[in-house]
Structures are given as C-alpha cells and as structure tokens.
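What follows is each chain in one-letter form.
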Amino acid sequence: METTFAGWPIEGPALLAELAADNTHEFWANHRDRHETQVRGPMRALATALEPEFGPARVFRPQVNRRFRPDAPPYRTDVGAVAASPGGCVLGVVLTATALSVSAGHWAFDGPQLERYRAAVAGGATVPAAPDGAAPDPTADPAALDPAAPGPAVGSAAELSAVLDALEGWTLDESRLLAGRPRGVAAAHPRLALLRHRGLQVTRSWKVGPWLATEEPLHRVREAWRAAGPLVAWLDEHVGAPVPVPPRPRPAVDAAPTG
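Residues numbered from 1 in each chain as written. Predicted model: local features only at pLDDT ≥ 70, side-chain atom pairs only at ≥ 80, totals over all residues. Heavy atoms only, no water.

Draft legend 1. Seen up close, the overall build of the protein chain. Of regular secondary structure, the protein chain possesses eight helices and six strands. Taken from the N to the C terminus, the helices and strands of the protein chain come in the order α-α-β-β-β-β-α-α-α-β-α-β-α-α. Counting across all 259 residues of the protein chain, residues that qualify as buried make up 39%. When contacts within the protein chain are restricted to residue pairs at least 6 apart in sequence, those whose partners lie at least 24 apart make up 69%. Accessible surface, the protein chain as shown: approximately 14300 Å² in total, 56% of it carbon and sulfur. (Helix = DSSP H or I, 4+ residues; strand = E, 2+ residues; numbered from the N terminus. Buried < 20%, exposed > 50% of the residue type's maximum accessible area, 1.4 Å probe, protein only. Contact = heavy atoms within 4.5 Å. Areas by Shrake-Rupley, 256 points an atom, 1.4 Å probe, with all protein chains shown as cover.)

Draft legend 2. Representation of the packing of helix 2 (residues 25–54) against helix 7 (residues 216–227) within the structure. Running from N to C, helix 2 and helix 7 point in directions that differ by 30°, and their axes come no closer than 11 Å. As far as their axial angle goes, helix 7 and helix 2 are roughly parallel. The two elements helix 2 and helix 7 meet at a crossing, and its hand is right-handed. Of helix 7, the residues touching helix 2 (which contributes Leu46, Ala49, Leu50, Glu53 and Phe54) are Leu218, Val221, Arg222, Trp225 and Arg226. By residue class, the composition of the contact of helix 2 with helix 7 is seven nonpolar, no polar and three charged. (Axes fitted to C-alpha atoms, helices over the stretch in contact; angles between N-to-C directions. Parallel < 35°, antiparallel > 145°, perpendicular 65-115°, else oblique. Left-handed = near helix turned anticlockwise from the far one by under 90°. Nonpolar A, V, L, I, M, F, W, Y, C, P; charged D, E, K, R; others polar.)

Draft legend 3. Examining the pairing of strand 2 (residues 79–84) more closely. Sheet topology places strand 1 (residues 58–59) next to strand 2; two bridges connect them, and they run antiparallel. When the bridges of strand 2 are listed, valine 59 appears paired with alanine 81. Bridge count for strand 2 against strand 3 (residues 90–95) is six bridges, and the pairing is antiparallel. When the sheet's bridge partners are listed, valine 82 is paired in strand 3 with glycine 92. Here strand 2 folds back onto strand 3, and the loop between the two strands holds five residues, one of which, glycine 88, carries a positive phi near 95°. (Pairing = 2+ DSSP bridges.)

Draft legend 4. Representation of the packing of aromatic side chains. Counting across every chain of the model gives five aromatic pairs. Look at tryptophan 28 and tyrosine 75: their rings are 4.7 Å apart centre to centre, the planes differ by 15°, and that puts the pair in the stacked class. Taken together, the positions of tryptophan 28 in helix 2 and tyrosine 75 in the loop between strand 1 and strand 2 put the pair 47 residues apart, joining distant regions of the chain. In this pair, the class of tryptophan 28 matches that of tyrosine 75, namely buried. Each ring, one from tyrosine 117 and one from tryptophan 234, has its centre 6.2 Å from the other, and the planes form 80°; the classification is edge-to-face. Taken together, the residues span a long stretch of sequence, with tyrosine 117 in helix 3 (residues 111–122) and tryptophan 234 in helix 8 (residues 229–238) at a distance of 117 residues. Take tyrosine 117 and tryptophan 234: they sit in the same class, and that class is buried. Sitting above the plane of the tryptophan 107 ring, arginine 176 keeps its charged end 4.8 Å from the centroid. A cation over a ring is seen here: arginine 220 above tryptophan 211, with NZ or CZ 3.9 Å from the ring centre. (Phe/Tyr/Trp six-rings, centres within 6.5 Å; stacked < 30°, edge-to-face > 60°. Lys NZ or Arg CZ within 6 Å of the ring centre and 35° of its normal.)

Draft legend 5. Up close: the nonpolar core. Core analysis: the biggest nonpolar cluster contains 56 residues, and Leu46, Val93, Leu100, Tyr117, Leu160, Trp225 and Leu231 have the highest contact counts within it. It is helix 2 that provides the largest number of residues to this core, a total of nine residues. Ignoring any residue separated from it by four or fewer positions in sequence, one finds leucine 160 in contact with Tyr117, Val121, Leu194, Leu200, Leu231 and Trp234. (Core = buried A, V, L, I, M, F, W, Y, C linked by side-chain atoms within 4.5 Å.)

Draft legend 6. Broad picture of the sheet that holds strand 1. What the six strands build is an open sheet, ordered 1-2-3-4-6-5; its pairing is antiparallel. Each of the sheet's edge strands pairs with one partner strand only, and the pair in question is strand 1 and strand 5 (171–172). Relative to strand 6 (residues 200–207), strand 4 (residues 99–106) is paired through eight bridges, and the arrangement is antiparallel. By the bridge assignment for strand 6, alanine 104 is matched with valine 202. Along the sheet, helix 2 makes contact with strand 1, strand 2 and strand 3, crossing strand 2 at roughly 15°. Together, strand 2, strand 3, strand 4 and strand 6 form the strand contacts of helix 7, whose direction differs from that of strand 4 by roughly 20°.

Here it is in structure tokens:
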C-alpha cells in the first residue's frame, strides 16, 4: 500500500478510461490489483499527505452503491477523496481519465443551511428608490446607496462577493441554481445572483499529463485548498455544517426456510 505520495503512474488515468469503456465485473476482476496500485493507492497516499493540514480525507470506494440505482454501472470511473473543515465545509479532489480536479464548498445545502445562507446573503439589504422616481439600480450595493441599510448580514454578503472575486482560476458551480428567484426576494435585489444558489461550491481542474507522475499533484491540491480558505471560512461562519443524516437501514434478509 502507498504510504508516501509520489504521483500517479501514467497508467492510472488510462486504466480509468479502460474501466469506463468496459465497466463490468469481469474487467474489474482482471484489473483490481492494477486499480489498487495505479489509481486508489496513490489517492490514499495523497490523502495521508494532506491530513496534517486539512484533517483526514475519506477516499471513495471504487464500487457504486446500486441499491437505489440498479441500472448504474457497477464501478466508479474516477477516484476521489473528501475532507471537511471544522465547520463542515467540504474539500474535494477527484482524478478522472482526463483531469485532476479540486473543489471547495457545499454542492447542495440542506434546509437549515439554505436558510442560514440566504439570511447571510440577503440580510437587511434593500434597494432604495432613486431620485425623482427613477428606477433603482439593481447592480448597486445597498451599503453604498443607503448607509442605514447595511447590517452584519449585508456586510457578510459583500465579503462573500469579494471572496469569490478573489478566487482566480476557479469556477463557481451553477448546476443547482433556482430557475427564478427565492420567495419574497425582489427582482431588483442586488444579491439576487447569489441568492439563486442552492449550494455554493467552487472548482478548478488541470488536464492530465506527465506532471501527474510527480509530487506536483500534492502541491497543486494543497495550494488550491489553501486558496479556498477564505471561502471555507465564510461558509463555516455563516452556513455551518449540514444536519447529520442517519444511515439508511439495510433491507431485512428473510431467514431461510427450515424443515
């Protein structure tokens, strides 16, 4: 088993591509050992190297849970690991056949998280009427338009915007946007774009190449997670961790008939 991270051999991404093309029990049985040494073992070593700074990271199992998706392929065609900040924010790293990617944030908020997020972003923000009855400027910051409007929540929204703007090279995940706007939020609300998010996660990726077979992936993941630190801190303070979900009970197994 890998104990020191030295990168992924070039055969690792190639094996993931092969698995995607032949995602069968037969292929897995013939290549399980290759997967362990060329794909999952290095991910475990990477997680171990990151642990002193970011805490333990859980490495994904290669098998897909098909209990509620019986038609899903039996094996993952990527390998990944996730760590968590003290406030429950998720830090992720995933290797596919084509790229190494990192993420930070919450892909989906649960109900209480979403309430806290919207309270922090919307706060007491208002769009003051413009002089002479002109339409308000929907892009204006309430803190600049009305000194009486900002409270802690408005300040936290401005802080979030600044944090996101400072994340160079990252992409804000918009896969879980509301089609419209949250109930009770005006169309001219200056933070409407942020309020439409039902999760808040940023990602960045690098194409696979010879650099994967060196210690460079460790350096890139570490520096990327550090760069996401201000966003993680904001989410920890204003959103917090999701409500723990108890594990689903396994279906009862009928006893074999006797007699």
